[in-house]
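Residues per chain, in single letters:
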Amino acid sequence: AALCCDAHLVPPQNDQRRWTAIGDSTEAAILSAAAKLDLSREKLVAWPRLAELPFDSTRKRMTTIQQIDGSAVACVKGAPGEIFARCVAIRLRGFAAPLDDEWRRRAEAAHDAMADSGLRVLAVATRSVDPNSQVNDGWRVEDVERELTLLGLIAMEDPPRPEVPSAIAACRRRWCLASPGPSTRATARA
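Report follows, based on the coordinates. On a predicted model such as this, the values are computed, not experimentally measured, just so you know.

**A look at the overall build of the protein chain**
So, step 1. When you go through the protein chain residue by residue, the secondary structure sums to 7 helices and 9 strands.
So, step 2. In terms of its C-alpha atoms, the protein chain occupies a principal-axis envelope of roughly 75 × 55 × 35 Å.
So, step 3. Sorting the 190 residues of the protein chain into buried and exposed places 29% on the buried side.
So, step 4. In the protein chain, the share of contacts with a sequence separation of at least 24, taken over all contacts with a separation of at least 6, comes to 55%.
So, step 5. Within the structure as shown, the protein chain displays about 12500 Å² of accessible surface, and the carbon and sulfur contribution to it stands at 54%.

Structure representation (structure tokens):
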């Protein structure tokens, strides 16, 4: 997932005590989690990016193609439903196993449990690609984002935006002004 990010983390500078992020906040969260697992930007550059199929709101996923141990590898992250539909295998204990109905059900249940807890969930998958399968010096989505191996799910909590409290207060004020009085409610129920 960290390889499939365009954001950057910037270490504290001058009087700052906190790291800052440049780019998408979701990708910054992924990079922060990777750094906590000792996968720093310096370690990730050992696997250079060969190409990118940018996030698309129709596809609901993003793919990068990385050079990993001499092979071209597609790293895909996105909406779990979109990723699950393109997976044929799942990584278990370091090995790929068929993504049968039982494992698919487990993956979907894990997604549902996290989503029901209010978390935003992304799925991550991968597959080796033939570097010679490029068309006109580019990669085609339909050739790359298929027959994937599911690596797992990433869940994150989105903090409320700063404008949320005032928006909720405005809604409450409008609702209180617009709601019918007690006699109207009783008549409506009768």
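We are not done yet, so read on.
**Regarding the pattern of salt bridges**
So, step 1. Inspection of every chain in the model, using the stated rule, returns 13 salt bridges.
So, step 2. For arginine 105, the salt bridge identified is with glutamate 102, shortest N-O distance 2.9 Å. Of the two residues, arginine 105 and glutamate 102 are both situated in helix H4 (residues 101-116); the distance of 3 residues between them amounts to about one turn of the helix.
So, step 3. A relative accessible area of 34% places glutamate 102 in the partly exposed class.
So, step 4. Between arginine 140 and glutamate 142 there is a salt bridge, and its shortest N-O distance comes to 3.4 Å.
So, step 5. When its relative accessible area of 47% is taken as the criterion, glutamate 142 is described as partly exposed.
So, step 6. One salt-bridge network, in which partners are shared between bridges, spans Arg59, Arg61, Glu82, Arg86 and Glu145.

**Observations concerning the pairing of strand S7 (residues 95-98)**
So, step 1. Bridge analysis of strand S6 (residues 87-92) against S7 gives 4 bridges, and the strand direction is antiparallel. Its bridge partner lying in S7, alanine 89 is registered against proline 98.
So, step 2. Here S6 folds back onto S7 in antiparallel fashion, the turn holding 2 residues, of which arginine 93 has a positive phi close to 50°.

**Points about the sheet that holds S6**
So, step 1. The sheet built from 7 strands is open, its strands ordered S3-S4-S5-S8-S9-S6-S7 with mixed pairing. Strand pairing shows two members of the sheet lacking a second neighbour, strand S3 (49-56) and S7, which therefore form its edges. Shown here is a sheet whose adjacent strand axes are inclined to one another by a mean of 30°, direction ignored.
So, step 2. Sitting on the sheet, helix H1 (residues 25-36) is in contact with strand S4 (61-68), strand S5 (71-78), strand S8 (120-129) and strand S9 (148-156), with an inclination near 100° to S9.
So, step 3. Along the sheet face, H4 touches S6, S7, S8 and S9 and points at about 15° away from the line of S9.

**Comments concerning the nonpolar core**
So, step 1. Residues Ala2, Leu3, Ile30, Leu31, Leu44 and Cys75 are the most contacted members of the largest nonpolar core, which totals 15 residues.
So, step 2. Mapped by element, the contributors of at least two residues to this core are H1, S4 and S5.
So, step 3. Discounting chain neighbours no more than four positions away, the residues touching leucine 3 are Leu44, Trp47, Arg49, Thr64, Gln66, Ile68 and Cys75.

Cut-offs and rules
- Residues numbered from 1 in each chain as written.
- Predicted model: local features only at pLDDT ≥ 70, side-chain atom pairs only at ≥ 80, totals over all residues.
- Heavy atoms only, no water.
- Helix = DSSP H or I, 4+ residues; strand = E, 2+ residues; numbered from the N terminus.
- Buried < 20%, exposed > 50% of the residue type's maximum accessible area, 1.4 Å probe, protein only.
- Contact = heavy atoms within 4.5 Å.
- Areas by Shrake-Rupley, 256 points an atom, 1.4 Å probe, with all protein chains shown as cover.
- Salt bridge = Lys/Arg side-chain N within 4 Å of Asp/Glu carboxyl O.
- Pairing = 2+ DSSP bridges.
- Axes fitted to C-alpha atoms, helices over the stretch in contact; angles between N-to-C directions.
- Core = buried A, V, L, I, M, F, W, Y, C linked by side-chain atoms within 4.5 Å.

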